Protein chains: 4
Amino acid sequence: MTSSQFKTVGLIGKYADKGVSDTLLTLHGFLCKEQLRVITDQETASMLANTNIETGTRKEIGELCDLAIVVGGDGTLLNAARSLADYDVPLAGVNLGHLGFLTDISPNDMCESIAEILKGNFQTEERYLLECRVDRSGEYVHVGDALNEVVVYKWNVARMIELETYIDEKFVHRLRADGLIVATPTGSTAYALSAGGPIIHPALDAMVMVPICPHSMNNRPLVIGSDSVTEVVICASTQNHARVTCDGQLNFELLAGDRVEITRKPQPIRLLHLPHHNHFELLRAKLHWAETPTRP
Amino acid sequence: MTSSQFKTVGLIGKYADKGVSDTLLTLHGFLCKEQLRVITDQETASMLANTNIETGTRKEIGELCDLAIVVGGDGTLLNAARSLADYDVPLAGVNLGHLGFLTDISPNDMCESIAEILKGNFQTEERYLLECRVDRSGEYVHVGDALNEVVVYKWNVARMIELETYIDEKFVHRLRADGLIVATPTGSTAYALSAGGPIIHPALDAMVMVPICPHSMNNRPLVIGSDSVTEVVICASTQNHARVTCDGQLNFELLAGDRVEITRKPQPIRLLHLPHHNHFELLRAKLHWAETPTRP
Amino acid sequence: MTSSQFKTVGLIGKYADKGVSDTLLTLHGFLCKEQLRVITDQETASMLANTNIETGTRKEIGELCDLAIVVGGDGTLLNAARSLADYDVPLAGVNLGHLGFLTDISPNDMCESIAEILKGNFQTEERYLLECRVDRSGEYVHVGDALNEVVVYKWNVARMIELETYIDEKFVHRLRADGLIVATPTGSTAYALSAGGPIIHPALDAMVMVPICPHSMNNRPLVIGSDSVTEVVICASTQNHARVTCDGQLNFELLAGDRVEITRKPQPIRLLHLPHHNHFELLRAKLHWAETPTRP
Amino acid sequence: MTSSQFKTVGLIGKYADKGVSDTLLTLHGFLCKEQLRVITDQETASMLANTNIETGTRKEIGELCDLAIVVGGDGTLLNAARSLADYDVPLAGVNLGHLGFLTDISPNDMCESIAEILKGNFQTEERYLLECRVDRSGEYVHVGDALNEVVVYKWNVARMIELETYIDEKFVHRLRADGLIVATPTGSTAYALSAGGPIIHPALDAMVMVPICPHSMNNRPLVIGSDSVTEVVICASTQNHARVTCDGQLNFELLAGDRVEITRKPQPIRLLHLPHHNHFELLRAKLHWAETPTRP
């Protein structure tokens, strides 16, 4: 048993994926043996056959836990991060077989890895989230958080939509496109990359606006400071054919004249990594970059 | 006559371009009438028929002047910025007919514009430069400054070269490409944009690594903090078929094993803009982005 | 009056655009004065105040006319081309102020231009259309024609869809993307260009498959012969979150397992151009390519 | 022993690569046992310790052989194809460990594979080459052949060069770029792909012009018929800072005013593939496209 800075651990598994239950039970058993209080997400617990598991809402996990362990893919961690963003609980991610950008602990030796973290052998990395608010005639009619990206996207229509963008109250451009992505560094390796955006190092206080299939080839990705206020206004021609989504999960129908305001969420989340964690190694593995440095 | 914070003004014109002489003479006359001491770059003065002009080296301009006015295109301002980077003299750029990203004062009303600046009606913007050092077997054999970009490029060969990159001493990737650009925000709208890089706002403390025609389509532009140390190592297969250039002007032959070290230059240059200067307006004008915001 | 090979002319205006009525009335008057029988599209005629106009369905225009004049933008001509594709009637396009890729006759001198065409002074250019059929469990449940492109697109969902592609019954790839465009040379300068596709010369018997924001950066546009049969199969994970559209106008909901079969329509349409028409000049004008050849 | 349509076989190995000698000796032994006359390329033979080998020039191989077997990578086959392009000898490519786009016979079972080909069990695929001629003041000062691509490239200079392009004597555009690639379908998966060009199916009679890092983002790849005559004229500003290369191997210095004329070589080369050869399978393997079709 390890004497640890962590006393109460939240356990969150991939939604509706029975394949994760063995991993979760192993992890649950390990954490209990370490004499930690373990609170399992209600939906996660419902997938497990063990009735002796303490369960809690995400709110309870946020309030009671000093560590949350997420088992699944990057989507599961994105979901957990959004739900715990208002609490000061760090996250560690165990992937389900495929290395993730956010879930970088291998299931093969996860108990050893978690033991290291419990002992205090870890790196802490802060990742900021975006807050998205929809202003309709002066009133906020929708709010949402995103760790990867906020996307304003055409919806129920084949043709392009028309958007206007502002940064810090200054007009940037009027855009005809399939949509517009505003991504964090975390999101720069997700959808924004598919749309032609650059990779942004997570330590950089930046966000990137990436147009999706813009009509004009001169509309290129634009990297700005993360403390900027970005606004996207839905033009009259677009009518009600646009939606805004956060991390591709939640979506909200927009009307002409709606103003989507995107800002940095004040409090970041914290990701815990193993001591040997190296962001470039992760990029090489995920993006199949050539290895083999020649330098000793 | 205006009582001004500026007493001594340097005047630098586009190299070997006689078309600039009328503009320079008008500007010189205006500045003298304002009872300022005007020191004209020696090469610039040699293009003018007026023998009553005080001339000086770039070093003298740097040491004596409290303002340098550059007349030409962005290339002329890049050149002036590199030569004055070690002195604390701000620059204002008058373009020769075509609006530049850096030379944003129109020649049509340049005397009125300069008068505004002399009165203190201006915005100051800092732009950082890159320092590039070539380490060969532990010794620096070349140094250079760049306001736009440092490029390691294939030379005298049709096939790709092979490079290894490091950021803050961590291996990033091994790259087969025509070359690699490391650009400042200032340079992000120059060569880096042609090679597929993003636009970076000048207020962001970032630099971007952009591979040129990489063999692997997964090698994408990478945006990092401007305080990072970037290193590019020439692989053995490349032999002596690579050069490094700063702002496309100076170039130096590299050998296999050479390490090109790129860092932020500690002191930035200062650009003076008119009060109504707006970076996004400049981007719209230069990149032909759609205008017409609908918001009042 | 001109003795012309054309005796009966169809007149088709932009749908629901009152701004086009003056142009249409001028053109109608001119054609009548030339002693041609003029049959105006019913919807077009409903926008005109003149009750002495002979009207007809698209079918009647197709069967009776030996020339169709389209007034509007490229969208209007795409619509007319699809509706007349089964008849052997050539089309000439008058644009409404903005030069189009397909509507290349200027409204400023349209009567002189049409007079030239009536005299037989024109170039004929063939453009092929795509036929799209949706096979659901062995039965065709939807058919459509496209002059620009057939698009299989995510619908009512924020996340990517999954598709499988086949060319001439050979498996090509499994694709995670926002969608897939199959475009004609005519469509290569439309949506496919925004998605990163190449420009294809209209005289080339080719089609191009362009993935939209593909998850893998290795999924690049693929140019094949226009006589190939392209198939797109909706993967199980996509469920009913995909639609197929032809020229961005018609759309049809797809289910998992649906097979979208795309082939070249046997009969092409014919576009009539003025004698001095030059496709590269059109590309330069529309894409803002640099002019000024130095060669005499 | 097989009775074969092939009586005399040329054997060409990768230049100056001793690692290929075992493979060559095995293959040589096998072909002799099949009672074929084998003529080995002189440079290839010089790497082999066996003195009983009949050697010949490329010209002799072209004139005497009815099959040429190339052992190496795609570069070796490109070289062989250019040297044998004027003779009617088909080529088969054995790769050296890494699957190539052109060298698709695995060394592991090469004798069985070659035996199949000798028996007549093969597919024949035609690939066309490009002819490049440099016209200086009305005289051809350089000619060359390319199976992949002709490239006009900046040389010994860091800044962009300026080019003018013509297709079938019609002006296309004036281009500021690092260079311009004119590629065959064969070359579309080589350098042209790195520069942003599309993949072109080898059965399509097309070529593609791909600008390299163009100053204007509107200068996009352009696919035209392979029977077109493409011309690239070196603008005055470029002076002698451009070269033309064929398949990245041969290069020739260009002067301002030089006109590089690129046409399809009348006679194609023939590649012999095994009966199960599938171009899309090759693309999937080389470009890491997702496999696993679900269709039976």
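Residues numbered from 1 in each chain as written. Chains lettered and ligands numbered in written order. Predicted model: local features only at pLDDT ≥ 70, side-chain atom pairs only at ≥ 80, totals over all residues. Heavy atoms only, no water.

A.B. asks: Mind showing me how you'd approach the interface of chain B and chain A here?
C.D. replies: Accessible area lost upon the coming together of the parts is a frequently used measure of interface size. Of the residues lining the interface, 41 residues belong to chain B; the matching set on chain A comes to 41 residues. Taking both sides of the interface into account, the surface hidden between chain B and chain A amounts to around 3,600 Å²; carbon and sulfur atoms contribute 58%. Run the count over chain B and chain A and you get zero salt bridges. Inspection of the chain B/chain A interface yields 22 residue pairs in polar contact (both at pLDDT 80 or more). Every element with two or more residues in the side of chain B that touches chain A is listed here: β10 (161-167), β11 (170-177), β13 (199-200), β15 (222-225), β16 (230-234) and α7 (279-287) of chain B. Counting residues per element, the side of chain B that touches chain A draws most heavily on β11 of chain B, which supplies five residues. (Contact = heavy atoms within 4.5 Å. Buried area = accessible area lost by both parts, 1.4 Å probe. Salt bridge = Lys/Arg side-chain N within 4 Å of Asp/Glu carboxyl O. Polar contact = N/O pair within 3.5 Å; in protein donor to acceptor, adjacent residues only side chain to side chain. Helix = DSSP H or I, 4+ residues; strand = E, 2+ residues; numbered from the N terminus.)

A.B. asks: What am I meant to see in the packing of helix α1 (residues 21-33) of chain D against helix α5 (residues 110-118) of chain D here?
C.D. replies: The packing of two helices is summarised by the inter-axis angle and the distance between the axes. Residue and element names in this part refer to chain D. Contact geometry for α1 and α5: axes closest at 10 Å, N-to-C directions at 40 degrees. Comparing the axis directions of α1 and α5 gives the class oblique. The hand of the α1/α5 crossing is right-handed. Counted together, Thr23, Thr26, Leu27, Phe30 and Leu31 of α1 and Met110, Cys111, Ile114, Ala115 and Leu118 of α5 form the full contact between these two elements. (Axes fitted to C-alpha atoms, helices over the stretch in contact; angles between N-to-C directions. Parallel < 35°, antiparallel > 145°, perpendicular 65-115°, else oblique. Left-handed = near helix turned anticlockwise from the far one by under 90°.)

A.B. asks: Honestly, the packing of aromatic side chains in this entry has me stumped. Any pointers?
C.D. replies: Ring pairs (aromatic) are described by centroid distance and by the angle formed between their planes. Counted by the stated rule, this structure contains eight aromatic pairs over all chains. For the cation-ring pair, Lys286 of chain B lies above Phe101 of chain B, with the distance from its terminal atom to the ring centre recorded as 5.4 Å. The residue whose ring lies beneath Arg133 of chain D is Tyr140 of chain D, and the NZ or CZ to ring-centre distance is 5.8 Å. (Phe/Tyr/Trp six-rings, centres within 6.5 Å; stacked < 30°, edge-to-face > 60°. Lys NZ or Arg CZ within 6 Å of the ring centre and 35° of its normal.)

A.B. asks: Would you mind going over the interface of chain C and chain D with me for this structure?
C.D. replies: Taken together, the 41 residues of chain C in the interface contact 41 residues of chain D. With both sides pooled, the region where chain C packs onto chain D buries about 3,600 Å², and carbon together with sulfur makes up 58% of that total. Along the contact surface separating chain C from chain D lie zero salt bridges. For the pair chain C and chain D, the number of links is 22 residue pairs in polar contact (both at pLDDT 80 or more). If you list the elements that add at least two residues to the side of chain C that touches chain D, you get β10 (161-167), β11 (170-177), β13 (199-200), β15 (222-225), β16 (230-234) and α7 (279-287) of chain C. For the side of chain C that touches chain D, the element with the highest residue contribution is β11 of chain C, accounting for five residues. The class makeup of the residues in the side of chain C that touches chain D is 20 nonpolar, 11 polar and 10 charged. Pairing analysis gives two bridges linking β15 of chain C to strand β13 (residues 199-200) of chain D, with the strands arranged parallel. Looking at the pairing, Leu222 of chain C lines up with Ile199 of chain D of β13 of chain D. (Nonpolar A, V, L, I, M, F, W, Y, C, P; charged D, E, K, R; others polar. Pairing = 2+ DSSP bridges.)

On their own, these measurements won't tell you what the molecule is for.
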